[in-house]
Amino acid sequence: MVTIKTFVFNPFQVNTYLLVNERNEGLLIDAANYTREEDAVLTEYLEKYNIKLTHHLLTHAHVDHILGAAYLEKQFGLLPVTHSKSLMFLESAKEYGSVFGLQVQPVTNPVSFLDDGEDFLFGNIEIKALHCPGHADGSLCYYLKNENILFSGDVLFAESIGRTDLPTGNMNVLLSSIREKLFVLPEETKVYPGHGEPTTIGHEQKHNPFL
Ligand SMILES: [Zn+2]
Ligand SMILES: [Zn+2]
C-alpha cells in the first residue's frame, strides 16, 4: 500500500509527488521546491508525519523538475536517480535555468541510473522505469503495477502531451513512446503527470486530442 501526497512547487507549477510506503519511508518524484518557503513546506511535512526520505527519482532533468535536488542532497544526503541520458540536462541546468530567470544550485551527478524496463523495490512496492523519449531525452515514467499507478512526468498530461520544441524534443518519438509504453497499460491505470491534474490511461486513450 502506497500513499501519495502532491506538492505543487515553483513558478512552473511542477507536481512533486511524495510516496510513502508501509515502513513510513518516503520517495520523492521530481523534488521541485525552489524557495525557502517551499523547502520548509516539504521538510515540515516529513517531520510532522515522521517520514524518512530514502529515494529521489527524476522523471527527467528539465530545470523546473530539479530545482529541489540540491536541497535534498544537502539536507538528506540524497542524490537523484534517473536515466543516464538526463545527465546532459543536469550538467547544463545552471545555464539553462538563467534563460528562465531561475537560479539553479548545482546538483552532484547521480551515481545510479535506471534503464528502460528496470524495476526496483521501495518497501513492498515494485516500481518499474519506462523510458519514454520525445519530450526530453532520458524521460522516465514510473509504473507501480500492483497499485495501478503511473507517474508520467512531462510525457503525458490530462488531455495533452509534453512540448517537443526544446532540445532533444521530437513529436513522432513522443507519440510512439506514449502509444508503445503507456497505452499498453491497463485502462484503469491512474496517471499522475508532472503538471496539472491526474487522469487515467483509458481517459487519455479516448479523449487525448494529440493521439
Ligand atoms: Zn519537461
Ligand atoms: Zn515540466
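Read on for an overview of the structure.

Parameters and conventions
- Residues numbered from 1 in each chain as written.
- Chains lettered and ligands numbered in written order.
- Predicted model: local features only at pLDDT ≥ 70, side-chain atom pairs only at ≥ 80, totals over all residues.
- Heavy atoms only, no water.
- Salt bridge = Lys/Arg side-chain N within 4 Å of Asp/Glu carboxyl O.
- Helix = DSSP H or I, 4+ residues; strand = E, 2+ residues; numbered from the N terminus.
- Buried < 20%, exposed > 50% of the residue type's maximum accessible area, 1.4 Å probe, protein only.
- Donors = N, O, S within 2.8 Å, 3.2 Å for Na, K, Ca; no water.
- Tetrahedral: all angles 85-135°; square planar, octahedral: opposite > 155°, others 65-115°.
- Core = buried A, V, L, I, M, F, W, Y, C linked by side-chain atoms within 4.5 Å.
- Pairing = 2+ DSSP bridges.
- Axes fitted to C-alpha atoms, helices over the stretch in contact; angles between N-to-C directions.
- Patch = residues over 30% accessible without salt bridge, like charges linked within 9 Å, V, L, I, M, F, W, Y side chains within 5 Å.
- Areas by Shrake-Rupley, 256 points an atom, 1.4 Å probe, with all protein chains shown as cover.

Quick look at the pattern of salt bridges now. In total, this model carries four salt bridges according to the counting rule given. For Asp116, the salt bridge is made with Lys181, and the minimal N-O distance between the two is 3.5 Å. Residue Asp116 is located in the loop between helix H4 (93-99) and strand S5 (119-122), and its partner Lys181 is located in helix H5 (residues 171-182); the two are separated by 65 residues in the primary sequence. Note that Arg163 is salt-bridged to Asp165, the shortest N-O span being 2.7 Å. Of the residues examined, Arg163 reaches a relative accessible area of 45% and is grouped as partly exposed.

This part covers the coordination of the zinc ion (ligand 2). At this site the zinc ion (ligand 2) is bound by Asp64 (OD), His65 (NE2), Asp154 (OD) and His195 (NE2), with donor distances of 2.1 to 2.7 Å. Classification of the site at the zinc ion (ligand 2) rests on its four donor atoms, whose angles at the metal span 92 to 150 degrees, yielding the label irregular. Donor residues binding the zinc ion (ligand 2) come from one chain and are separated in sequence as D-H-x88-D-x40-H. The two metals, the zinc ion (ligand 2) and the zinc ion (ligand 1), are separated by 3.5 Å and share Asp154 as a common coordinating residue. Remark: Asp154 occurs in the loop between strand S8 (149-153) and strand S9 (156-157) and Asp64 occurs in the loop between strand S4 (52-57) and helix H2 (69-76); sequence separation between them is 90 residues. A relative accessible area of 9% means that Asp64 is categorised as buried.

Next up on the list: the coordination of the zinc ion (ligand 1). Coordination of the zinc ion (ligand 1) by the protein comes from His60 (NE2), His62 (ND1), His135 (NE2) and Asp154 (OD), over a distance range of 2.1 to 2.4 Å. Coordination at the zinc ion (ligand 1) comes from four donor atoms whose angles at the metal span 90 to 168 degrees, giving a geometry best classed as irregular. Read in sequence order, the donor residues for the zinc ion (ligand 1) give the motif H-x1-H-x72-H-x18-D.

Residues Leu19, Tyr142 and Phe151 are the most contacted members of the largest nonpolar core, which totals 19 residues. Of all the secondary structure elements, the ones that give two or more residues to this core are strand S2 (14-20), strand S3 (25-29), S5, strand S6 (125-131), strand S7 (140-144) and S8. Core analysis: the next-biggest nonpolar cluster, separate from the first, contains 16 residues, Cys132, Tyr143, Leu182 and Val191 among them.

Here we take up the sheet that holds S2. Hydrogen bonds between backbone groups are what pair the strands of a sheet, and the pairing can be parallel or antiparallel. One open sheet accounts for four strands, arranged S1-S2-S3-S4; its pairing is mixed. Each having just a single partner strand, strand S1 (3-9) and S4 make up the two edges of the open sheet. Between one strand and the next, the sheet's axes are offset by a mean angle of 25 degrees, whatever the strand orientation. Note: S1 against S2, seven bridges, orientation antiparallel.

With that settled, the discussion passes to a nonpolar patch on the surface. Nonpolar side chains collect at one region of the surface, where Phe12, Val99 and Phe100 lie side by side and expose about 270 Å² of accessible area between them. Inspection of the secondary structure puts Val99 in helix H4. Val99 sits in the exposed class, given a relative accessible area of 63%.

What is shown is where atoms sit, not what they do.
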